[in-house]
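Remarks on the overall topology
The primary structure of each chain is shown beneath.
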2 protein chains.
Amino acid sequence: MKEQEAAIILAPGLLTTPHAKVTHGLLRRSARFEICAVVDADNTGRDAGELLDGEPRDIPVFASVEDALEHSREKGKSVQWCVVGIATHGGRLTDELRVMLKQAAESGIGLVNGLHDLACDDPGIAAAANAGGVEIVDLRKPRGIDELHFWTGEIRNVKAPRIAVIGTDCALGKRTTTRLLTDALNNAGVHAEMIYTGQTGWMQGGQFGFILDSTLNDFVSGELEHAVLKCERAISPDVMLLEGQSALRNPSGPCGAELLVSTQARGVILQHAPGRPYFEGYEEEQFAIPSIQSEIELIGHYGARVIAVTLNGEGMSDSELQSEKARLADLLKLPVICPLLDNVDELTAPVREFLLEQTA
Amino acid sequence: MKEQEAAIILAPGLLTTPHAKVTHGLLRRSARFEICAVVDADNTGRDAGELLDGEPRDIPVFASVEDALEHSREKGKSVQWCVVGIATHGGRLTDELRVMLKQAAESGIGLVNGLHDLACDDPGIAAAANAGGVEIVDLRKPRGIDELHFWTGEIRNVKAPRIAVIGTDCALGKRTTTRLLTDALNNAGVHAEMIYTGQTGWMQGGQFGFILDSTLNDFVSGELEHAVLKCERAISPDVMLLEGQSALRNPSGPCGAELLVSTQARGVILQHAPGRPYFEGYEEEQFAIPSIQSEIELIGHYGARVIAVTLNGEGMSDSELQSEKARLADLLKLPVICPLLDNVDELTAPVREFLLEQTA
C-alpha cells in the first residue's frame, strides 16, 4: 500500500456517534488514505468534516457505495480502498456492512476492515474480492506465534523516554490527543513519535505499533516492547507517545499496566471526560468511572507520574467544561487542557520538563 | 475425555526445575489423568513424587517414551494420553519433545500439549496421529471469535463472592495455593470452586475456567466473566477462587487487574516468594519485584483487600522462611502461611470472615 491512496469510508447509520471513531480519526488525519467520501444514508448530502467538528473538509456523505464511488470518479479520483469506519457491537460485521463490502469488491475496490469479524471469512465477499482481483486487509486477523514477540527486557536500553496516553475510559479521545501532542512536540522542535495500539493508528499511517486487542494475551507486552525497540532503532526520537487502550480499571477489559510496566513509561497524559459518570456501554448497569484523583494515585503505583490532564467535553456545556477545567487544574496542581478546543502547544513545556527530569 | 484416563508425562531434562510446573501440578493433583510415569533421562529410576516433595507416589521416571509405556503396560495400565509437562522458552516445542510426541502418537497414544507451538502444526506428529487414529489436544490453540465471549456486566448478578489468588511474580505457586485452599474450604464445609486460568488447571480436571494467555486480549475479561457465570449457574458455590496469572507489575506481561475489576473480586490471597528479588527469567537484568506492602496497596486501589499472604520458600532455609513469616505477619497484620509446609486450614477462618463481610 503506497501513501495516500484514495479511499471511501463506510459508517452506515453511525457517522455522528462515537461508534464511528475510526471514521472520525481518518477525517482528522490520514497519512495512508485520501478520504474521498463517506457512506451513511442518515447524513446524505452533508459534509463529513462539518458533521465532525463544524469544519468542512470537502468530504461528502452518500447513501450508498455506488454513489460514493460515482462521485469520486467524477472528481477524477481512482478509489483503491473501501474502509470499514465503525465499531459495531462485539466487533461483528453487520449484514449492511457485508452487502456494502461485497459491492465495493465487485467494483474492483480493495477492502480494509478492523472488526474482529474478518471480511475474508465471508464467502460472498471473499468470492467477489477474488473475482475482482482485489486485496482484503483484515487488520484484526490474529497473527500466529511465529510473527509475534515475547518481552525480552531490552526495553531498558531504549534511550527515548516513553509517555503513555492513558484514559479513564475507552472511546474518549486518547488516540486524538496522542496524535495532536505528537504533532505539537514536533512543531516545537522535540522529535516525537507515536506508538499506535489500535486499528485507526495503522489506518492513519502509523509506522510503529500493533493492534493490541487482537493480540494473544501472552504476546501483548512483547509486541509493545518490539514496537518501541523498532522505533528507537529506526528513528531514535527524543520521546515516544504510546496510545493507550481502554482504561486501567475498565471492567470490560482493563488495559494500561502493559504500557506502564512493560515499556517503563514514566510519564502519563491522562485523558478524562468529566461529564461521563459511567463506563461507556455500561450506563444502564451504572459501572462508575473512578475519580481522577484515584486514577492519578493508581498510575503513581505503577511508577509513573501524570504530566498533564486532557479533557473530553462530552455531555458538558462550554461553560461547564471551562469551569471543570479550572477546578481540576487547581485541585490537581497539573496542567489541564481540552485538546479539541485549546492549543495543544500548551503541553510542550510540561513535556520538556518531564524529558529533562528523565535524562537528568 | 473421561475422568482419570491413564497418562504419561514428558519433562525431559527439566523435572526438578520450575519449568516443569505443569508436571508438578499433575503430580500433586489430577482428576483428569492417572499419571503412570514421567519421562526425563536425567532422573531415570527415581520416583517423581519423591523428587517433587520427598513423598513417593509410585510414579517412576524413565529415559524414554518407550520405557514409560512398557512399564505402564506391565502394570496393567492402558495409557491413553501423553502430556507435555514442561514450559519451554517462548512456548516452543523443542526437537526432543517433537520426537517424543511422534513416538507416542505412533504407539497409538493421544497427545496433550499446552505450549504455544501446536503439536497439530508439526507435519510428522500430525501424520503419526492421523495414522494411529489418535487425538491431539492443543490446549493453547487460539479460539476464533465465534467461540469467545465479550464482557457483559452480568457479573454483578453473581452471588458467590470471588477471591483472586494473585502473586508478586509468575511461577511461585498461585495455582497450588488456589487448589489447596479450595480443598481446605470444602473440607471445612464452605462450598468453594476454583476458576482455572492456565493449562494445568484444565489438565488437573478443572470444570470452570479458560486459558488466559492464549486468549485474544479483547476477550480475556469476557471469558473470565463467562467462566464465573457458568460456575454460578451450574453449582452456585459459596465462594469462587480465581487462579491468578503472572503478577500485577510483571514487566514481561502484567496480569491481575482483569481478575479484580472484571470479576469484581473483593478479596485476594497474595502469594509471595520473599527469597526471590527479581522477576523470574529476568535475574540478569535485575528487574526487581516490588515490596509486598506496595503490592497490597496496589490491590487496595483496585477495590480489593488482601485476606492472607501465602509464602513460597524458594531460596530460603527453613529458619529464614519461619522468621520471614513471623516478620510479615507482624508487619502486615495479616495471616501468613506457607501452603506447602503449614496446614492450609488456617486460612478457612479469615476466608469465612471475608465471606461474612461480603454478604453483610
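Residues numbered from 1 in each chain as written. Chains lettered and ligands numbered in written order. Predicted model: local features only at pLDDT ≥ 70, side-chain atom pairs only at ≥ 80, totals over all residues. Heavy atoms only, no water.

Right, let's get into the overall build of chain A. Helix and strand content of chain A: 12 helices and 12 strands. Taken against the 2.2 N^0.38 rule, which gives 21 Å for 360 residues, the C-alpha radius of gyration of chain A at 20 Å falls within 12% of a compact globule. Based on the C-alpha atoms only, the size of chain A along its principal axes is roughly 60 × 50 × 45 Å. Scored against the burial criterion, the 360 residues of chain A give a buried share of 59%. Partitioning the intrachain contacts of chain A with sequence separation of at least 6 by distance along the chain shows that 72% fall at a separation of at least 24. With an accessible surface of roughly 14100 Å², chain A has 46% of that area assigned to carbon and sulfur atoms. Distance between charge centroids for chain A: 5 Å, based on 32 positive and 52 negative side chains. (Helix = DSSP H or I, 4+ residues; strand = E, 2+ residues; numbered from the N terminus. Rg over C-alpha atoms; globule rule 2.2 N^0.38 Å. Buried < 20%, exposed > 50% of the residue type's maximum accessible area, 1.4 Å probe, protein only. Contact = heavy atoms within 4.5 Å. Areas by Shrake-Rupley, 256 points an atom, 1.4 Å probe, with all protein chains shown as cover. Lys, Arg positive; Asp, Glu negative; His and termini not counted. Charge placed at Lys NZ, Arg CZ, Asp CG, Glu CD.)

In this approach a probe as big as a water molecule rolls over the atoms, and the regions it shows empty are the leftover space. Under the counting rule described, the total for this entry stands at three cavities of 30 Å³ or more. Taken as a whole, the largest cavity encloses approximately 80 Å³ of empty space. Surrounding the largest cavity, 14 residues form its lining, Ala257 and Glu258 of chain A together with Pro254, Ala257 and Glu258 of chain B being those nearest its centre. The set of elements that each furnish at least two residues to the lining of the largest cavity consists of α9 (257–262) of chain A together with α9 (257–262) of chain B. When the residues that make up the lining of the largest cavity are grouped by side-chain class, the tally is 10 nonpolar, two polar and two charged. (1 Å grid on protein atoms, 1.4 Å probe; cavity = no way out; pocket = protein on both sides within 12 Å on 5 of 7 lines; lining within 4 Å. Points joined across faces, edges and corners; volume = space filled by probe spheres on them. Nonpolar A, V, L, I, M, F, W, Y, C, P; charged D, E, K, R; others polar.)

Attention now goes to the sheet that holds strand β11 (residues 305–311) of chain B. Residues and elements named next belong to chain B. Spatial strand order, β8-β9-β7-β10-β11-β12: six strands in an open sheet with parallel pairing. Each edge of the open sheet carries a strand with a single partner, namely β8 (192–195) and β12 (336–337). Relative to strand β10 (residues 267–272), strand β7 (residues 162–167) runs parallel, the two sharing five bridges. Among the inter-strand pairings, Ile166 is bridged to a residue of β10, identified as Leu270. Contacts from helix α12 (residues 348–359) reach β7, β9 (239–243), β10 and β11 within the one sheet, and its direction differs from that of β11 by about 165 degrees. (Pairing = 2+ DSSP bridges. Axes fitted to C-alpha atoms, helices over the stretch in contact; angles between N-to-C directions.)

On to the pattern of salt bridges. Residues and elements named next belong to chain B. Within the structure shown, the criterion is met by 40 salt bridges over all chains. Here Glu357 makes a salt bridge to Arg305, at a shortest N to O gap of 2.7 Å. Of this pair, Glu357 sits in helix α12 while Arg305 sits in strand β11, placing them 52 residues apart in sequence. Taking the relative accessible area as the measure of exposure, Glu357 reaches 39% and is therefore partly exposed. (Salt bridge = Lys/Arg side-chain N within 4 Å of Asp/Glu carboxyl O.)

Superposition record for chain B on chain A: RMSD 0.0 Å, screw rotation 180 degrees, translation along axis 0.0 Å. Taken together, the turn and the small shift mark the pair as related by a two-fold rotation axis. Taking the C-alpha atom as reference, chain B places Leu216 of chain B closest to the rotation axis, 2.1 Å from it. A share of 100% of the interface residues of chain B reappears at the interface of chain A, consistent with the copies meeting face to face through the same patch. (Least-squares fit on C-alpha atoms with pLDDT ≥ 70 in both.)

Moving on: the pairing of strand β2 (residues 33–39) of chain B. All names here are of chain B. Summarising burial for β2: six of the seven residues are buried, a large majority. As paired elements, strand β1 (residues 5–10) and β2 share six bridges and run parallel to each other. Bridge pairing links Leu10 to Val39 in β2. In this fold, the crossover linking β1 to β2 by way of helix α1 (residues 21–28) has right-handed handedness. (Right-handed = clockwise from strand over helix to strand, strands pointing away.)

The subject of this paragraph is the packing of helix α4 (residues 95–106) of chain B against helix α5 (residues 123–132) of chain B. All names here are of chain B. Between α4 and α5, the shortest axis-to-axis distance is 8 Å and the interhelical angle comes to 10 degrees. The orientation of α4 with respect to α5, classified from their angle, is roughly parallel. On α5, the residues touching Arg98, Leu101, Lys102, Ala105 and Glu106 of α4 are Gly124, Ile125, Ala128, Ala129 and Gly132. For the contact of α4 with α5, the residue count by class is five nonpolar, two polar and three charged. (Parallel < 35°, antiparallel > 145°, perpendicular 65-115°, else oblique.)

On to helix α6 (residues 174–187) of chain B. Compared with an ideal rise of 1.5 Å per residue, which puts 14 residues at 20 Å, α6 of chain B spans 20 Å between its outermost C-alpha atoms and is within 8% of the ideal. Within α6 of chain B, 10 of the 14 residues are buried, which leaves the element mostly enclosed by the surrounding structure. (Expected span 1.5 Å × (residues − 1).)

Now for the side chain of Ser262 of chain B. Topologically, Ser262 of chain B is positioned in helix α9. At a separation of 2.7 Å, a polar atom in the side chain of Ser262 of chain B contacts the main-chain carbonyl oxygen of Pro251 of chain A. At a separation of 2.8 Å, a polar atom in the side chain of Ser262 of chain B contacts the side chain of Ser221 of chain B. Residues in contact with Ser262 of chain B, not counting those within four places in the same chain, are Pro251, Gly253 and Pro254 of chain A together with Trp151, Ile155, Ser221 and Ala257 of chain B. (Polar contact = N/O pair within 3.5 Å; in protein donor to acceptor, adjacent residues only side chain to side chain.)

This brings us to the sheet that holds strand β5 (residues 110–113) of chain B. Residue and element names in this part refer to chain B. One open sheet holds the six strands; their spatial order is β3-β2-β1-β4-β5-β6, and the pairing between them is parallel. Edge positions in the sheet fall to β3 (61–62) and β6 (136–138), since each of these pairs with one other strand and no more. The sheet contacts of α1 involve β1, β2 and β4 (81–84), and relative to β2 the element is tilted by about 135 degrees. This element, α4, spans β1, β2, β4 and β5 of the sheet and lies at about 170 degrees to β4.

Right, let's talk about the interface of chain B and chain A for a bit. By a widespread convention, an interface's size corresponds to the accessible area lost as its parts come together. The interface is formed by 43 residues belonging to chain B together with 43 residues belonging to chain A. Across the chain B/chain A interface, buried area totals approximately 3600 Å², and carbon plus sulfur atoms make up 59% of it. When the buried area of chain B at its contact with chain A is split by residue, Trp151, Asn217 and His301 of chain B rank highest and sum to 18% of it. Between the two partners, chain B and chain A, sit two salt bridges. Of the charged contacts in the structure, one is a salt bridge between Asp146 of chain B and Arg92 of chain A, with a shortest N-O distance of 2.7 Å. Those elements that provide at least two residues to the side of chain B that touches chain A are α8 (220–235), α9 and α10 (292–301) of chain B. Its residues assigned to classes, the side of chain B that touches chain A shows 17 nonpolar, 16 polar and 10 charged. (Buried area = accessible area lost by both parts, 1.4 Å probe.)

Okay, the nonpolar core next. Val268, Tyr302 and Val309 of chain A together with Val268, Tyr302 and Val309 of chain B are the most contacted members of the largest nonpolar core, which has 93 residues in total. When near neighbours in sequence (up to four residues on either side) are disregarded, Val268 of chain B contacts Ile163, Ala164, Ile166, Leu260, Ile299, Ala304, Arg305, Val306, Ile307 and Ala308 of chain B. (Core = buried A, V, L, I, M, F, W, Y, C linked by side-chain atoms within 4.5 Å.)

The next point concerns the state of the cysteines. Following the criterion strictly, the structure yields zero disulfides over all chains and no others. Distance from the sulfur of Cys82 of chain A, which forms no disulfide, to the nearest cysteine sulfur (Cys36 of chain A) is 12 Å. In this structure Cys82 of chain A comes out as buried when scored by relative accessible area, which is 0%. No disulfide involves Cys120 of chain B; its nearest neighbouring cysteine sulfur is the one of Cys82 of chain B, lying 15 Å away. A residue is classified by how much of its surface remains accessible, and Cys120 of chain B, at 28% relative accessible area, is partly exposed. (Disulfide = S-S within 2.5 Å.)

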